[in-house]
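Below, each chain spelled out in residue letters.
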Amino acid sequence: MTSLVGTPALADLRGHRISTELFIGGRWTSTASAFDVTNPSTGEVIAAMSDAGPQDGSLAMDAAVLAAEAWAAMSPRARANLFHAAHALLVERADAFAEVMVLESGKPRAEAAGEFALSAGFFQWYAEQIAHLHGTFASGSPGGYRIITTHQPVGPCFLITPWNFPLLMSARKAGAALAAGCTVIIKSAKETPLTAALFVQTLEDAGFPPGVVNLLHTSDSAALSEQVMSDPRLRKISFTGSTGVGSTLLAKAASNIVNASMELGGDGPFIVLDDADIDLAVREAIVCKFRNAGQACVAANRIILHEAIAEEFTQKFIAQAAQLRVGDGFDDGVDVGPIISERQLERVARLVAQFTEAGAELLIGGSRIDRTGNFFAPTVFRAGSLSGELCNEELFAPVAALYTVSSGEEALAFANATPYGLASYLFTNDLSRAFVLAEKLEFGMVGINRGIMADPAAAFGGTKASGLGREGGHDGIYEFLEPKYLAVTIDETRGAHA
Ligand code: NAD
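As the structure is a prediction and not an experimental result, all values here were calculated from the model.

Student: Mind showing me how you'd approach the overall build of the chain here?
Tutor: Counting secondary structure elements, the chain contains 14 helices and 22 strands. Computed over its C-alpha atoms, the radius of gyration of the chain comes to 24 Å, within 12% of the 23 Å expected for a compact globule of 498 residues. C-alpha atoms of the chain, sized along the principal axes, occupy 75 × 60 × 40 Å. When the 498 residues of the chain are sorted by exposure, 56% land in the buried category.

Next up, the structure:
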């Protein structure tokens, strides 16, 4: 692996110099202070990033406001062409993106490549949608006028992204917002700012005009966000992260009446019924649970097994989980990378202790791997009929909890017994049973006989405490547009006022 030390800019990464500065109004700008980025696989400091303060938030807002009118007015075809150019350039840099993601998040290379492909796909998909946004047309009730509904960009947007899928979250949010004609300020997570910087550089190189895309990274998200969220020129916030921070930001948005989309935490039930294809269910559960070392909001948080197949599933699941290779994402054959930080690692160790104290049976793993880096062994608990708050704790770790139920109805009741409602999974070979249960699952997404659902054409998002709004697909773009109603008189004798 290349050794990269970087201030003010990282050394060439496969020919792409990645800036560690802020990007405001089309210029890379350094700040007086900096914060470090650490490789979670090695503990090495890999970059020193310019540290945005509240005043940088104001400057970014100035730039986003200045660019907004011209960007909104750009013809759909011209904007679509920019998206096609960005997609082509992203694809050209696929290796650099995968490498930088492995470097700062530790995830296995194959997973980083998968995240890249999905993320670039959003630019391709939105490029194809930009020229196909429609409004509606209707006759006014008295007949003398027409009702036209058009859609206009909401205006400058603040996009806050987490560390677990640094490219996907930036591309999914910015792709939709920019396609809709909004200007954006992206705030990346302090753990993974380099991926976002390479992403923004790529959009700059593709020709996005100055001020349309701005990038901030900071060691003090609360202070920076307070400034941006208090700015009366802000029109929308789109946030992905924990339910706690989301709730604070929603309260702030409410006080200023700012449009908000929230992708928050999950407590995904993964239900395997007695008539399921067990080998398929085990394969999908392994990916759904251990991808990204379990640090995914859509991960299987509660694996709920019908008692008739529980033992067979458990034995096959443990056998495959025990084979997973843990290590630095750059090493060949690694399946599970590190936990993002020491703080998160301590949280995972605490959770494991709580499961043991609550009476869950530890089947494999259960502890930190004794070597440099934040590695935790794939862990499986037989949780049986365990109940209480611990079941609804978002694990966000390579830790699986297997619960047993005696019927489909019991599985459904347990699945829904959570404040969250993001992703759920259902394995059965009975189509009508699948539909009946899927309609009753109180979740924004249901994977039927599959453990991975992300797709640029799909509406991603949750119900209940998992958030508001959708990302991706047609719904995703309309999150950044607002309807405007035009009433047009065509016959004033039939346009009676009520
Ligand atoms: P987090 O809420 O701590 O951080 C998310 C983002 O918010 C980061 O950019 C962070 O810097 C920023 N942030 C933190 N405190 C802030 C504040 N006071 N004001 C403004 N911004 C602030 O979450 P995390 O630890 O980065 O990610 C884990 C959580 O995110 C999990 O709960 C997970 O379920 C959730 N998540 C949800 C989705 C989804 O699409 N629903 C996707 C990924 C992660």
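The discussion continues.
Student: Before we go on, may I ask you to explain the site of the ligand in this structure?
Tutor: Looking at the ligand, there are 26 residues lining it, with Thr161, Ser242, Leu264, Cys297 and Glu394 nearest. A distance of 2.9 Å is found between an oxygen atom of the ligand and a side-chain nitrogen or oxygen belonging to Trp163. Within the side chain of Ser221, one N or O atom sits 2.9 Å away from an oxygen atom of the ligand. Relative to its unbound accessible surface of 840 Å², the ligand loses 86% to contact with the protein. Counting only elements with at least two residues in the shell around the ligand, the list comes to helix 7 (221-230), strand 10 (236-240) and helix 8 (243-256). No other element matches the three residues that helix 7 contributes to the shell around the ligand. Residues from two domains meet in the shell around the ligand; each of domain 1 (8-264) and domain 2 (269-448) gives at least three.

Student: How should the sheet that holds strand 16 (residues 399-405) be read in this particular structure?
Tutor: What holds strands together in a sheet is hydrogen bonding between their backbones, with the strands either parallel or antiparallel. Strands sit in the order 14-15-16-13-12-18-19 across an open sheet of seven strands; the sheet is mixed. Only two strands of the sheet have a single neighbouring strand rather than two, namely strand 14 (361-364) and strand 19 (445-448). Adjacent strand axes in the sheet meet at a mean angle of 25°, parallel and antiparallel pairs treated alike. As defined by bridge partners, strand 18 (residues 423-427) adjoins strand 19 across four bridges and the pair is classed as parallel. Looking at the pairing, Tyr425 lines up with Gly447 of strand 19. Docked against the sheet, helix 9 (residues 278-290) engages strand 12 (268-272), strand 13 (300-306), strand 15 (379-384), strand 16 and strand 18, running at close to 165° with respect to strand 12.

Student: It is not clear to me how a nonpolar patch on the surface should be interpreted in this structure. Could you clarify?
Tutor: A surface patch of nonpolar side chains, about 230 Å² in accessible area, is lined by Leu486, Val488 and Ile490. With respect to the helices and strands, Val488 occurs in strand 22 (residues 481-489). Owing to a relative accessible area of 33%, Val488 belongs among the partly exposed residues under this scheme.

Student: Explain the environment of Leu22 to me, please; I cannot follow it from the model alone.
Tutor: By secondary structure assignment, the location of Leu22 is in strand 1 (residues 22-24). Taking the relative accessible area as the measure of exposure, Leu22 reaches 0% and is therefore buried. For the pair Leu22 and Ala496, spaced 474 residues apart in sequence, the C-alpha to C-alpha distance is 56 Å. Ignoring sequence-local partners within four residues, the contact set of Leu22 consists of Arg27, Trp28, Thr29, Thr31, Ser50, Ala52, Asp56, Leu215, Leu216 and His217.

Student: How should I be thinking about the side chain of Glu479 in this particular structure?
Tutor: Topologically, Glu479 is positioned in the loop between helix 14 (473-478) and strand 22. Among the residues examined, Glu479 registers a relative accessible area of 19% and is labelled buried. Polar side-chain contacts of Glu479 include one of 2.5 Å to the side chain of Ser261. Beyond its immediate sequence surroundings of up to four residues, Glu479 is in contact with Lys236, Asn259, Ser261, Gly469 and Arg470.

Student: Before we go on, may I ask you to explain the pattern of salt bridges in this structure?
Tutor: Between side chains of opposite charge, pairing is possible as soon as their charged atoms come close. Applying the stated criterion to the full structure yields 20 salt bridges. Here Arg382 makes a salt bridge to Glu311, at a shortest N to O gap of 3.0 Å. In this pair, Arg382 is assigned in strand 15 and Glu311 in helix 10 (residues 307-323), connecting sequence segments 71 residues apart. The exposure class of Arg382 is partly exposed, given its relative accessible area of 27%.

Student: Mind showing me how you'd approach the nonpolar core here?
Tutor: Note that soluble globular proteins tend to have their nonpolar side chains buried in a common cluster. Judged by nonpolar contacts, the single largest core of 103 residues is most densely connected at Leu178, Phe199, Phe208, Val272, Phe313 and Phe317. Residues from two domains meet in this core; each of domain 1 (8-264) and domain 2 (269-448) gives at least three. For Phe199, the contacting residues outside a window of four places in its chain are Leu90, Phe97, Phe123, Leu167, Ser170, Ala171, Ala174 and Ile186. In terms of nonpolar packing, the next biggest core, distinct from the first, is built from 30 residues, Leu273, Val348, Leu351 and Leu386 among them.

Student: Explanation requested: unusual backbone geometry in the structure shown.
Tutor: Only a minority of non-glycine residues have a phi that is not negative, and only a minority of peptide bonds are not trans. With a phi close to 60°, Asn449 is a non-glycine residue in the positive phi region. With respect to the secondary-structure elements, Asn449 resides in the loop between strand 19 and strand 20 (463-464). On the accessibility criterion, Asn449 (24% relative accessible area) is partly exposed. Positive phi outside glycine occurs at Lys464, with the angle close to 50°.

Thresholds applied
Residues numbered from 1 in each chain as written. Predicted model: local features only at pLDDT ≥ 70, side-chain atom pairs only at ≥ 80, totals over all residues. Heavy atoms only, no water. Helix = DSSP H or I, 4+ residues; strand = E, 2+ residues; numbered from the N terminus. Rg over C-alpha atoms; globule rule 2.2 N^0.38 Å. Buried < 20%, exposed > 50% of the residue type's maximum accessible area, 1.4 Å probe, protein only. Near = heavy atom within 4 Å. Polar contact = N/O pair within 3.5 Å; in protein donor to acceptor, adjacent residues only side chain to side chain. Areas by Shrake-Rupley, 256 points an atom, 1.4 Å probe, with all protein chains shown as cover. Domains from an automatic or database assignment. Pairing = 2+ DSSP bridges. Axes fitted to C-alpha atoms, helices over the stretch in contact; angles between N-to-C directions. Contact = heavy atoms within 4.5 Å. Patch = residues over 30% accessible without salt bridge, like charges linked within 9 Å, V, L, I, M, F, W, Y side chains within 5 Å. Salt bridge = Lys/Arg side-chain N within 4 Å of Asp/Glu carboxyl O. Core = buried A, V, L, I, M, F, W, Y, C linked by side-chain atoms within 4.5 Å.

Remember, this is a structural readout, not a statement about activity or role.
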